[in-house]
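The lines below spell out each chain.
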Amino acid sequence: MTSAHTPPGRRPDRADNSTAALDAEFPAGAAVPTNTEPTEPVEPTAIAAAAEATSSGHGAASGHPAASGAGAAGDSGAGGAAGDSGDGAGGRGAGSGGADAGAPAKQRTFAAMSVRNYRLYWLGMAVSNNGTWMQRIAQDWLVFSLTGSSFAVGVTTALQFGPMLFLGLFGGLIADRYDQRKLLLITQCVLGSLAVILAALTLTGNIRVEYIYVVALGLGLVTVVDNPARQTFVGVMVPKELMRNAVSLNTGNFQLARLTGPAIAGVLIAAAGPGWAFAINALTFVATIGALLAMRVSELQVLPRAERAKGQLREGLRYVAARPHLLWTIVLVFFVGCFGFNFPIILTAYAGTEFHGGAGLYGWLNSTMAVGSLVGALLAARRNVVTVRMLYAAAAGFGVMLMVAGATPWLWLFLPVLAVTGLAGVSFNTMANSTVQLATDASLRGRVMSLYFLVLMGSTPIGSLIVGWITEHWGAPIALGVSGVVVVLAALGCGYLAARQAGLRISLDPRPGRRHLVVAARG
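Because the structure is predicted, anything quoted here is derived from the model rather than measured.

Caption draft 1: View of the overall build of the chain. Looking only at helices and strands, the chain features 16 helices and two strands. Taking all 523 residues of the chain together, 64% fall into the buried category. As presented, the chain carries roughly 18300 Å² of accessible surface, and 68% of it is formed by carbon and sulfur atoms.

Next up, the structure:
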């Protein structure tokens, strides 16, 4: 991603008449929302470029599902709707941030690995992400072992991701103002130190659930800055034509660790206890810090910095509110993050009470789900076209799979269903993350992505308390079923509202031989 400033005379919060997320699926002549300013006429080549550009692609010690996919999740890769130049598809041509109209439908899966700095970063994160997942599994299991309560696991999750709900936008503003590499060096050192503290308390036998709560809150506070800095740093390491691929590979990295980390954690916890999982996680931060120090700074790209000024947070909010494809995608992410990505709570109960297993089974349940997630992430790395219909269909499909998993009473069948659920979840996550990230002007990307993760991770504390309560009182299968219903209804509702705001009319015709779903401009 090149450094690109908003063109003179153009407000960065202005909506484009054509966006990749809408033009890729909806008619080019559709009306725009009335709260936007008029724009230049949309050229056919711009629409074609935008349609082709829309493509897909955390875990704090989120090894957290909501975060997953996100940062490491970084996650995603999508074509630029607005383009880095700010002209977007609605300007002259596709804008510098969009893909070329003649771009191939697919690209090499590991294309971004040709960039040395990104290769170092990816390898360092591959080590650290394994430690992150090991700590996440050990942390949840330790809390459950100390308290016997799924609600207590939910409280831990709420403390870890709650700070994003209140401070997320400020973290994005920090990522827009300061050098992302230096920010990451600081956050990784602090995260490693917290892992050392947790390991020392556990190995010395002084651990209490209250101490875990404090460490989880500390992790959450650091993540407020770490997540938007990592998201923005992808565009510093690789050129814009490789950004979709790089973000998707970040997702694959995280999901690969999600596959191996929980399995290692399960064996380690059973053999030596959770304290050693925390200790190993602390050591893995050496890889990330070493990779950041070994980078060639001269090869890093320079992004525009947000100067200190009043109203910068409001500027990011206005920018999102004026664009239906950003606004309703982020709203949908809230419901998916709130109800769809609280697997640590539900799977803990499945391993402990539904299938009467232990820490080993809990690790394998997470790893099984990660198999599908990894496949989904690698497919996203090759994908160059994602329509808005695919985005909302992926969310609805994820919700359906949650309901199917909740209705599956046998372990031998639950495992493959869980893998497919993971594929559906990461498919939506990569599409949503990439659509938001690359459809945003470079000078606002930190703030917009912080809003994205504020919603994704900030919704988790809300959902973790609700899902934890349902799991404890009604059982894990009911919790999965309720979560799935909410996600499906949210996908349908957000898709409908996005179309209405964009000036489109949706009609359904169930009669045989007719086109069942029709989307057209309102007359």
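Caption draft 2: Highlighting a nonpolar patch on the surface. The grouping of Leu165, Phe166, Leu167, Phe170, Leu217, Leu221, Ile462 and Ile466 at the surface amounts to a nonpolar patch, some 700 Å² of accessible area in total. Counting only elements with at least two residues in the nonpolar patch, the list comes to α4 (150–177), α6 (209–237) and α15 (445–474). One can find Leu217 in helix α6.

Caption draft 3: Molecular detail of the packing of helix α13 (residues 388–406) against helix α16 (residues 476–501). One can describe the packing of α13 onto α16 by two numbers: an axis separation of 7 Å at closest approach and a directional angle of 165°. Considering their axes alone, α13 and α16 lie roughly antiparallel with respect to each other. Crossing hand, α13 versus α16: left-handed. Contacts from Tyr392, Ala395, Ala396, Phe398, Gly399, Val400, Leu402, Met403, Ala405 and Gly406 of α13 reach α16 at Pro477, Leu480, Gly481, Ser483, Gly484, Val485, Val487, Val488, Ala491, Cys494, Gly495 and Ala498.

Caption draft 4: Just the environment of Pro274, in detail. The topology assignment puts Pro274 in helix α8 (residues 274–294). Taking relative accessible area as the criterion, Pro274 reaches 16% and is therefore assigned buried. It is 8.9 Å that separates the C-alpha atoms of Pro274 and Met134, two residues lying 140 residues apart in sequence. Those residues in contact with Pro274 that lie beyond four places of it in its chain are Ala138, Leu142, Thr202 and Ile269.

Caption draft 5: Region of interest: the pattern of salt bridges. Counted by the stated rule, this structure contains four salt bridges. Residue Arg136 pairs with Asp140 through a salt bridge whose shortest N-O separation is 3.0 Å. Residue Arg136 and its partner Asp140 are both found in helix α3 (residues 116–147); the two are separated by four residues, about one turn of the helix. For the residue pair Arg136 and Asp140, the accessibility class agrees, reading buried in each case. One salt bridge connects Glu210 with Arg208, and the closest N-O pair in it is separated by 3.5 Å. Given a relative accessible area of 40%, Glu210 falls into the partly exposed group. For Arg208, a relative accessible area of 45% corresponds to the partly exposed category.

Caption draft 6: Just α6, in detail. In this model α6 runs 40 Å from its N-terminal to its C-terminal C-alpha over 29 residues, within 8% of the 42 Å that 1.5 Å per residue would give. The largest bend in α6 is about 40°, located at Thr223.

Caption draft 7: Seen up close, the packing of aromatic side chains. Applying the stated criterion across every chain yields a total of ten aromatic pairs. Seen from their ring centres, Trp133 and Phe254 are 5.4 Å apart, and the 50° between their planes marks the pair as tilted. Of this pair, Trp133 sits in helix α3 while Phe254 sits in helix α7 (residues 243–272), and the two are 121 residues apart along the sequence. In this structure Trp133 comes out as buried when scored by relative accessible area, which is 1%. Its relative accessible area of 1% is what places Phe254 among the buried residues. Plain terms: the ring middles of Tyr350 and Phe414 are 4.5 Å apart, the flat faces sit at 25° to each other, and that makes the pair stacked. Residue Tyr350 is located in helix α11 (residues 343–354), and its partner Phe414 is located in helix α14 (residues 411–438); the two are separated by 64 residues in the primary sequence.

Caption draft 8: Local environment of the packing of α4 against α6. At their nearest, the axes of α4 and α6 sit 7 Å apart, and the two run at 35° to each other. The element α4 and its partner α6 pack so that their crossing is right-handed.

Caption draft 9: Quick peek at helix α10 (residues 324–340). Compared with the 24 Å implied by 1.5 Å per residue over 17 residues, the 23 Å span of α10 between its first and last C-alpha is a close match. Counting buried positions along α10 gives 13 out of 17 residues, so the element sits mostly inside the fold.

Caption draft 10: Structural view of the nonpolar core. Counting 96 residues, the largest nonpolar core has Leu332, Tyr350, Phe414, Phe428 and Tyr452 as its most contacted members. By residue number, the principal contributor to this core is α15, which donates eleven residues. Excluding anything up to four places from it in sequence, Phe428 contacts Leu332, Val333, Val336, Leu391, Ala394 and Ala395.

Caption draft 11: Broad picture of the confidence of the model for the chain. When pLDDT is averaged along the chain, the result is 73, and 72% of the positions lie at 70 or above. Considering only residues more than four positions removed or in separate chains, one finds that residues 1–103, a stretch of pLDDT under 50, has 344 contacts.

Caption draft 12: View of the environment of Gly168. Topologically, Gly168 is positioned in helix α4. Under the relative-accessibility criterion, Gly168 is labelled buried at 0%. For the pair Gly168 and Met457, spaced 289 residues apart in the sequence, the C-alpha separation amounts to 9.2 Å. Non-local contacts of Gly168, meaning those with residues more than four positions away in its chain, are made with Pro163, Val224, Ser450 and Leu454.

Caption draft 13: Main features of the environment of Asp226. Within the element layout of this structure, Asp226 appears in helix α6. The exposure class assigned to Asp226 is buried, which follows from its relative accessible area of 5%. The spatial distance from the C-alpha of Asp226 to the C-alpha of Gln180 is 9.0 Å, given a sequence separation of 46 residues. Setting aside residues up to four positions removed in sequence, Asp226 forms contacts with Leu184, Thr187, Gln188 and Leu191.

Thresholds applied
- Residues numbered from 1 in each chain as written.
- Predicted model: local features only at pLDDT ≥ 70, side-chain atom pairs only at ≥ 80, totals over all residues.
- Heavy atoms only, no water.
- Helix = DSSP H or I, 4+ residues; strand = E, 2+ residues; numbered from the N terminus.
- Buried < 20%, exposed > 50% of the residue type's maximum accessible area, 1.4 Å probe, protein only.
- Areas by Shrake-Rupley, 256 points an atom, 1.4 Å probe, with all protein chains shown as cover.
- Patch = residues over 30% accessible without salt bridge, like charges linked within 9 Å, V, L, I, M, F, W, Y side chains within 5 Å.
- Salt bridge = Lys/Arg side-chain N within 4 Å of Asp/Glu carboxyl O.
- Axes fitted to C-alpha atoms, helices over the stretch in contact; angles between N-to-C directions.
- Parallel < 35°, antiparallel > 145°, perpendicular 65-115°, else oblique.
- Left-handed = near helix turned anticlockwise from the far one by under 90°.
- Contact = heavy atoms within 4.5 Å.
- Expected span 1.5 Å × (residues − 1).
- Bend = angle between axes of the 7 residues up to and from the residue.
- Phe/Tyr/Trp six-rings, centres within 6.5 Å; stacked < 30°, edge-to-face > 60°.
- Core = buried A, V, L, I, M, F, W, Y, C linked by side-chain atoms within 4.5 Å.
- pLDDT = per-residue confidence, 0-100.

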